[in-house]
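Summary of the model geometry
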Amino acid sequence: MTTGLFTLKTSGSGLYEFTPEVADWLRDQRATCGLLTLFVRHTSCSLVIQENADPEVRTDLRAFFDRLVPPSDHPSMAYLRHTYEGPDDMPAHIKSVLMPVTLSIPVVDGRLMLGTWQGIYLFEHRTAPHHRQVAVHLGA
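The sections below set out a description of the structure shown in this document.

Rules and cut-offs
Along each chain, the written sequence defines residue order, and numbers are assigned to residues from 1. Under the rules for a predicted model, residues below a pLDDT of 70 receive no local features and side-chain atom pairs below 80 are neither given nor counted, while totals for whole chains, interfaces and linings still include all residues. Excluding hydrogens and water, the side-chain values take into account all heavy atoms of the structure. Only buried residues count toward a nonpolar core. Its members are Ala, Val, Leu, Ile, Met, Phe, Trp, Tyr and Cys residues joined through side-chain atoms within 4.5 Å. When accessible area is computed with a 1.4 Å probe and restricted to protein chains, residues below 20% of their type maximum are described as buried, those above 50% as exposed, and intermediate ones as partly exposed. In this text, helices come from DSSP runs of H or I with a minimum length of four residues, and strands from runs of E with a minimum of two, each type numbered from the N-terminal end. When checking whether two residues touch, look at their non-hydrogen atoms; a contact exists if any pair is within 4.5 Å. Under this definition, polar contacts are N or O atom pairs within 3.5 Å; protein pairs additionally need one hydrogen-donor-capable and one acceptor-capable atom, and for neighbouring residues in sequence, both atoms have to be side-chain atoms. Whenever a carboxyl oxygen of Asp or Glu lies within 4 Å of a side-chain nitrogen of Lys or Arg, that contact is scored as a salt bridge. A pair of Phe, Tyr and Trp rings is counted when the ring centres sit within 6.5 Å of each other, with Trp represented by its six-membered ring. The angle between the planes then sorts it: under 30 degrees is stacked, over 60 is edge-to-face, the rest tilted.

1. With respect to the nonpolar core
With 22 residues, the main nonpolar core has F6, F18, L36, L38, L112, I120 and V134 as its most contacted residues. Counting residues per element, the ones that place at least two in this core are strand 1 (2-10), helix 1 (19-29), strand 3 (34-40), strand 4 (45-51), strand 5 (102-108), strand 7 (118-124) and strand 8 (130-139). In this structure, I120 is in contact with Y16, E17, F18, T19, V22, L38, V48, L103, I105, L112 and L114, ignoring residues within four places of it in sequence. Counting residues in each nonpolar core, the second largest holds six residues, with L15, F65, M99 and F123 among its members.

2. Topic: unusual backbone geometry
Notably, R30 is not glycine yet its phi reads approximately 55 degrees, a positive angle. Along the chain, the position of R30 falls in the loop between helix 1 and strand 3. Given the relative accessible area of 74%, R30 is considered exposed. Although it is not a glycine, D109 adopts a positive phi angle of roughly 50 degrees. Here D109 shows up in the loop between strand 5 and strand 6 (111-112).

3. What to know about the environment of T10
With respect to the helices and strands, T10 occurs in strand 1. Take T10: its relative accessible area is 2%, and that puts it in the buried class. The contacts of T10, once residues within four sequence positions are left out, are Y16, L122, E124, A128, P129, H130 and R132. Only 3.1 Å separates the side chain of T10 from the side chain of E124, close enough to count as a polar contact.

4. Quick look at the pattern of salt bridges
For the structure on display, the rule yields six salt bridges. As a salt-bridge pair, D66 and R62 come within 3.8 Å of each other at their nearest N and O atoms. Of the two residues, D66 and R62 are both situated in helix 2 (residues 55-68); the distance of four residues between them amounts to about one turn of the helix. R132 is the salt-bridge partner of E124, the closest N and O atoms lying 2.7 Å from each other. The same class applies to E124 as to R132, namely buried. Bridged by salt links that share partners, the residues R62, D66 and K95 form one connected network.

5. Some details on the packing of aromatic side chains
Any two aromatic rings considered together are summarised by their centre-to-centre distance and by the angle between their planes. One pass over the structure, following the stated rule, counts four aromatic pairs. Aromatic pair F6 and W25: ring centres 6.5 Å apart, planes at 65 degrees, arrangement edge-to-face. Highlighted residues: F6 in strand 1 and W25 in helix 1, separated in sequence by 19 residues. For the pair shown, F6 and W25 are each scored as buried.

Spelled out as structure tokens, the structure:
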């Protein structure tokens, strides 16, 4: 059993790939096989496995979720009460409920068993820069 912590710096809303950091961590741990679990320690961002070949996928995903859950100052969101941390805060909490905050990825022969075009992303839902922590655990 091996554990660790990643700190990811974001510059605003969007998807931030950290697949290479996870792969490097596995190499440093000399991990061979097991189940890797990632858990984001915040309530206004998410973790996703998504295509890492075409950056338009990330742009379109961000646009979709921004349209699905607009800022709290949008007329359609007038019912929200938690607004004192800014118009992006409560929508960020809603988005994090709709998307995963944990991921499980098999590790075989020291490699993440991701598909050809898959990458691991932190999906930042806030517009301001943040430092996000992602806990990592490799179990047998």
